[in-house]
Amino acid sequence: MPAPHWFFRFMYDRESAAWERRRDEPEHRELVERTVSELANVVAPPGPVADLGCGPGAHALALARRGYDVVGIDGSPRMIEAARTAAARDEVDATFDVLDVSAPLRLADASLGGVLAILVIQHLPDPAAFITEIRRCLRPDGYLLITAPARDRMSMKSQNWYWRTRAACYHLVPGMVRFYDTNSLPRLVEERGLTIVECKGEPGRVSVLARA
């Protein structure tokens, strides 16, 4: 079991300023655009698309700029406040809501063309239930793009001391988060009724693109 869900909500509330700064770093912006392009290659605008565990809204805002109808959902009020502030500042039309993504989603059955779930599943008490909810909300032939942390040392070599320390805690404190690999993440997704389109291992993370 990962750390209690309230712990991560508390942590991400306190980390919101650090994530806002990271959102503006060139390397992170490039990663966001590359991730968004993966979903855009298979889901046509306007979607709609849900960004689950959206943080300060980098992916949701990038999708909205490409013409998608986007809702970003996160359990951290401060993260959502940061996302709404960025949307207003940049005059980007995107919706952001404070909701617990580990609970049943307040989204209609078969209502979404796409779902992003970027580095959130590792914190959830019931990952299978999370994927099941995503499957419920996706239209037939809708797509999920999900990423999760992989156990390697690359993330501990960040030039920023804060992110190095954070990664070290994840790796060294037993049970802090779940780690996945190119076998366990696609298996979890496939067992919940989605079809794997692509699975990639990258430094520090694994990603799966799947179709409903």
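So, here's what we can say about the structure.

Describing the pattern of salt bridges
- A full pass over the atoms with the stated rule returns 9 salt bridges.
- R34 is the salt-bridge partner of E30, the closest N and O atoms lying 3.4 Å from each other. Pair noted here: E30 and R34 are both in helix 2 (residues 26–40), with a separation of 4 residues, about one helical turn.
- A relative accessible area of 34% means that R34 is categorised as partly exposed.
- For K200, the salt bridge is made with E38, and the minimal N-O distance between the two is 3.4 Å. Pair noted here: K200 is in strand 6 (residues 195–202) and E38 is in helix 2, with a separation of 162 residues, a long-range link.
- We classify K200 as partly exposed; its relative accessible area is 26%.
- According to the relative accessible area criterion, E38 is buried, its value standing at 16%.

Notes on helix 7 (residues 184–191)
- Buried within helix 7 we find S184, L185, P186, L188 and V189.
- On the buried face of helix 7, the contacting elements are helix 5 (127–137), strand 5 (138–149), strand 6 and strand 7 (205–211).
- G193 occupies a position one or two residues after helix 7 and carries a positive phi of about 100 degrees.

Quick notes on the rules
- Residues numbered from 1 in each chain as written.
- Predicted model: local features only at pLDDT ≥ 70, side-chain atom pairs only at ≥ 80, totals over all residues.
- Heavy atoms only, no water.
- Salt bridge = Lys/Arg side-chain N within 4 Å of Asp/Glu carboxyl O.
- Helix = DSSP H or I, 4+ residues; strand = E, 2+ residues; numbered from the N terminus.
- Buried < 20%, exposed > 50% of the residue type's maximum accessible area, 1.4 Å probe, protein only.
- Contact = heavy atoms within 4.5 Å.

Purely geometric numbers; function is a separate question.
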